[in-house]
Amino acid sequence: MSENFEVPKALSGVGGWLDDRFHGARGFRVLMRKVFPDHWSFMLGEIALWSFVILLLTGTFLSFFFVPSMTEVVYHGSYTKLNGIQMSEAYQSTLNISFDVRGGLLMRQIHHWAADLFMAALTIHMLRVFFTGAYRKPREVNWLIGIALFSLGLIEGLFGYSLPDDQLSGAGLRIFEGVLQGIPIVGTYLAFFLFGGPFPGHDIVPRMYIIHVLLIPGILLALITAHLFIMFHQKHTQMPAKGNTERNVVGQPFFPYFLAKGGAWFFFIFAALVLLSAFAQINPIWLYGPYSPIQISSASQPDFYMGILEGSLRMMPAWEWNFLGHTLSFSVLIPFIVPLTVILGGAALWPFFEQWATGDKSYHNINDRPRNAPVRTGIGMAAVVFYGVLWAEGANDVLAHKLEIPLYTITWIARVLIFVGPVLAFVITRRTCLGLQRKDAETLLHGYETGIIRQLPNGEYIEVHKPVNEEGRAVLEAKEVPALMPPPGSEDANGVPGPTSRGVLGKARAAVNRAFAETIVIEADGHGNGHAVGDGHGPEIADEEHEAVGAPSSPAELPHGDEDA
Amino acid sequence: MSDMEETEGHPGPAAPHRVIGTPPPSPRLLGSTTLAEGGDGEAAEAEGGMHLHGLPQDDPRVIVHANRVEKIVAACFIFAFIAGCGFIAAYIGLGVHTVDKTLRSNLALGTSLGLALAALGLGALLWVRHLMPDVEIVEERHELRSDPKERLAFEEEFKEGAAQSQFVKRPLVRRTLMLGMLPLLAAPIVLLRDLGPLPGTSLRYTVWSPGRRLLVAGTNQPLTPAEFSAPGSMITIVPEGFTDDADALTKAAVILIKFRPGELDIPTMTQGGTLIGTMNWTVDNIVAYSKICTHVGCPVALYEENTHHILCPCHQSTFNAATGATVIFGPAPRPLPQLPMTVDAEGYLVARSDFTQPVGPSFWERG
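Definitions and limits used
- Residues numbered from 1 in each chain as written.
- Chains lettered and ligands numbered in written order.
- Predicted model: local features only at pLDDT ≥ 70, side-chain atom pairs only at ≥ 80, totals over all residues.
- Helix = DSSP H or I, 4+ residues; strand = E, 2+ residues; numbered from the N terminus.
- Buried ≥ 20, exposed ≤ 12 C-beta atoms within 10 Å, placed from the backbone.
- Axes fitted to C-alpha atoms, helices over the stretch in contact; angles between N-to-C directions.
- Parallel < 35°, antiparallel > 145°, perpendicular 65-115°, else oblique.
- Left-handed = near helix turned anticlockwise from the far one by under 90°.
- Contact = placed C-beta atoms within 7 Å.
- Pairing = 2+ DSSP bridges.
- Expected span 1.5 Å × (residues − 1).
- Core = buried A, V, L, I, M, F, W, Y, C linked by C-beta atoms within 7 Å.
- pLDDT = per-residue confidence, 0-100.

**Considering the overall build of chain A**
And step 1. Counting secondary structure elements, chain A contains 19 helices and 8 strands.
And step 2. Oriented by its inertia axes, the alpha-carbon framework of chain A measures out at about 90 × 80 × 65 Å.
And step 3. Counting every position in chain A, which comprises 565 residues, the buried fraction comes to 42%.

**Let's talk about the packing of helix α6 (residues 140–162) of chain A against helix α7 (residues 167–181) of chain A**
All names here are of chain A.
And step 1. Where α6 meets α7, the closest approach of the two axes is 8 Å, and the angle between their N-to-C directions is 130°. The orientation of α6 relative to α7 falls into the category oblique. Remark: the crossing between α6 and α7 carries left-handed chirality. Within the contact between the two elements, α6 uses L158, Y161 and S162 and α7 uses S169, G172, L173 and F176.

**A closer look at the interface of chain A and chain B**
Quite often, the size of an interface is put as the accessible area lost when its parts meet.
And step 1. Opposite the 96 residues of chain A that make contact, chain B presents 89 residues.
And step 2. Relative to strand β2 (residues 135–140) of chain B, strand β4 (residues 248–253) of chain A runs antiparallel, the two sharing 4 bridges. Bridged to N248 of chain A within β2 of chain B is E140 of chain B.

**Thoughts on helix α5 (residues 148–165) of chain B**
Residue and element names in this part refer to chain B.
And step 1. Look at α5: 26 Å from first C-alpha to last across 18 residues, which is about the 26 Å you get at 1.5 Å a residue.
And step 2. In terms of burial, α5 is largely open, as just 0 of its 18 residues are buried.
And step 3. Q166 lies just past α5 and shows a positive phi near 65°.

**Notes on the sheet that holds strand β3 (residues 214–216) of chain B**
What holds strands together in a sheet is hydrogen bonding between their backbones, with the strands either parallel or antiparallel.
All names here are of chain B.
And step 1. Read across the open sheet, the 4 strands follow the order β3-β4-β5-β8; overall the sheet is antiparallel. Of all strands in the sheet, those bounded by a partner on one side alone are β3 and β8 (286–290). Here the average twist between neighbouring strands, direction ignored, is 40°.

**Some points on the nonpolar core**
And step 1. Counting 164 residues, the largest nonpolar core has F118, F267 and L273 of chain A together with L214 and V254 of chain B as the members making the most contacts within it.
And step 2. No other element matches helix α5 (residues 104–131) of chain A, which puts 16 residues into this core.
And step 3. In contact with V254 of chain B, other than residues within four places in its own chain, are L214, I237, A288, Y289, S290, K291 and L339 of chain B.
And step 4. Counting residues in each nonpolar core, the second largest holds 12 residues, with I366, V468, L476 and A478 of chain A among its members.

**Topic: the confidence of the model for chain B**
Residue and element names in this part refer to chain B.
And step 1. Here chain B averages 84 in pLDDT, and 85% of its residues register 70 or above.
And step 2. Scored below 50 in pLDDT, residues 25–53 shows 49 contacts in the model against residues more than four places distant or in partner chains.
And step 3. The complex model carries a pTM of 0.87, and its ipTM stands at 0.86.

**A look at the packing of helix α12 (residues 307–315) of chain A against helix α14 (residues 374–393) of chain A**
Residue and element names in this part refer to chain A.
And step 1. One can describe the packing of α12 onto α14 by two numbers: an axis separation of 6 Å at closest approach and a directional angle of 75°. As summarised for this structure, α12 and α14 are arranged roughly perpendicular, according to the angle between their axes. Taking contact as the criterion, the partners of G307, I308, G311, S312, R314 and M315 in α12 are, on α14, Y387, L390, W391, A392 and E393.

**A short note on helix α8 (residues 187–195) of chain A**
Residues and elements named next belong to chain A.
And step 1. Counting buried residues in α8 gives 7 out of 9 residues, a clear majority hidden from the surface.
And step 2. Along α8, the residues classified as buried are G187, T188, A191, F192, F193, L194 and F195.
And step 3. Where the residues of α8 are buried, they touch α7 and α9 (204–234).
And step 4. Phi turns positive one or two residues past the end of α8, at G196, with a value near 65°.

**Some details on unusual backbone geometry**
And step 1. The omega torsion across F199 of chain A and P200 of chain A is -10°, close enough to zero to call that bond cis.
And step 2. Topologically, P200 of chain A is positioned in the loop between α8 and α9.
And step 3. Of note, the bond from F255 of chain A into P256 of chain A is cis; its omega dihedral lies within 30 degrees of zero at 5°.
And step 4. In this structure, P256 of chain A sits in helix α10 (residues 254–279).
And step 5. With phi around 60°, H308 of chain B is a residue other than glycine that occupies positive phi space.
And step 6. Tracing the sequence through the fold places H308 of chain B in the loop between β9 (302–304) and β10 (309–311).
And step 7. Exposure remark for H308 of chain B: the 19 C-beta atoms within 10 Å place this residue in the partly exposed category.
And step 8. For A325 of chain B, which is not glycine, the phi torsion reads 55° and is therefore positive.
And step 9. A325 of chain B sits in the buried class, given 26 other C-beta atoms within 10 Å.

**Considerations on the environment of F426 of chain A**
Residues and elements named next belong to chain A.
And step 1. Relative to the assigned elements, F426 resides in helix α16 (residues 407–446).
And step 2. Residue classification places F426 among the buried residues on the basis of 20 C-beta atoms within 10 Å.
And step 3. C-alpha of F426 to C-alpha of A357: the two residues are 69 residues apart in sequence and 17 Å apart in space.
And step 4. In contact with F426, other than residues within four places in its own chain, are G378, I379, M381 and A382.

See below:
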């Protein structure tokens, strides 16, 4: 297929010149033929990457015009409604970017939309990685880097939208300061050092500016680079499919396919952000007015990614503890610390917890289908519901207004749901996963329903089932179940007690391990479900016997897994 | 029956869901449905090898299709060129400096740039999907873990280097090095000391002092009880002399509420021996509370006349203004502090003193 064509003189000349000096041909050959597996969900991280690139481009433009100063000035400019109003230079320069710099408003809006898209894409990308188990060995470090990126993104976003010193973001900054003050022992000092004295002071905008344009982007850039290099070095995971094994990677080469697709994807994302910015207004700071500590507007909401902190502050009852001349403000501390610790800390620990629970130290390059890991998927959904309740509560006033439910009722619903919701989500998801596994087992055993009804000579009607083809079979059979550990108290052949025998922790480990090892076995005898229409959707109890707890089948081969040997 | 054959050939586990009578999925012209499904073994063998899926490149149908797509791709790129020129023209041609002009400029710049980018993306996508052959290659993964020999060699070399450094053998060098670096680790934190003044007791006090007049925010005029006679209204008050001082107002902003006779009933409240609320601090059924929410410091701004509820719009802490701003709902841990108030010789509302307790959010030293 290689049509022979002449490489242009200029190109080969430059290439030769570079190779003379850098020995690049070998490295670039590897790069050009690097295989990238294809799946729609692998593009989610790319959205975050390209949003970041767009943030750097538009942010650089904005920094040419933005004045990070809190010096008070009186405005006389293009936005005549604010003429004669006292404001900071930061706010004034943001007005100037919006109304006096051609393309300035567009750049501001692209920057803001891109920040929202960056955080949204990160969130969804992390969900994809979690639910498919792509964080498993050897990719734990990249998972942790991802969590660091997300956490830094939160602060970067908060500081970014606070820079214009407008009424809305100023209120947010005041809340941030109030929360800082609530930290025991060092809180007041932290707040005074960050703000250079009492709120608002004159230092916070320039300080946030340098953190926003230099410090955090620098760290983000370094972490993103590391993230990509590690991904490149370890090679991407792939979805279960025919021909995909733990030892290979199937897909299209970087040059030209991934290059072209990635380029097209960049253009599409950029186009979407630009068109959004042309037609959908975001953060119209001129409508909010300059910050004043004595004013506030109702339905003040932060950007969506801060919503869970806002929601947890709104949900919390007024708990406070005064003792020995000190105040411990739980109504601030718990909302500030607990949700993020539960979600981000939990996410960070999860891969190691899972390894502990399953005893699985092998390499994983084929992703799990979420249904095949019911506990993980259940926990993931519980986290999603936990996040979702907090997030919705962050807009409780808007919900109360739109749904015409009393405000306090909504808050009370949220206070209950935050505990009940995740548990329900876990139970329902786990059951659903097992149900889907049962369906897979059924499909493997009897084939799929074709929808064709045939009448037999004796008058009976049957539905024609067809066996799954090879591709389908490869997907359905790519199921890996953690091995069940020996029960507490057992010993191996050499009399060494098993990992589950070490006291209370060992018992806990055995219990968690049992949950992880639960699966639906693909049985060959075909009992239960008939061939006819309306296969046995029996009652839940009858189905229970299919869950052969403790008899995991592992059709997928584990070529690695030598670590514990 | 032919329907079923088609279904069977369709890849993927999703196959079962096609409803009978609907057309089968049409095979892609360059798609991977027909040729060269070279089995597992073959794929694994041919490390780095290529598998050309679909019809051969010189098949006339492929050539016709490719020639058509080539024109579409070219059209996309030409469209991008035109839109890009439009962007530059809009930049040059459309001015700003008024709201209307700015919005027009934003619309023109955004539309042209967005369409140019979208056309580039679409062109590139069609190009890669319809002009490039559908190539799939299989690459072996390399073992990430180094082989035991390499690990051993590394260990040996590391031990050798460590021995040469004498780091283990000479603890005096090792320990004094650590000691020498210790202060430098603390230095960056010490250097941050001058970021701001120490809080001291500044959070306990505001600029209110005996005799300081209450000025109406906005007009900055003093107020007599008679001028504020309409019951049910709430206004924001700033202290005389600090009307534009954001630092001072962050703590000192006050709301003034007028009640009908008999509606206002503030019990005498004390905290640790200090009086923090009483009817004696009101004037003519006018009461003054701190405007700064005791939760995280938002200005409480919403007042419901019938219920006398003050609502903080940030996190919905609700206070009952008629009974000393006690908390009814929400995360605020205590009532809004009451400002002791009286009238001066000229009949204007003035502060009797500063607040008798710290205003605003909790902090560790508050007690």
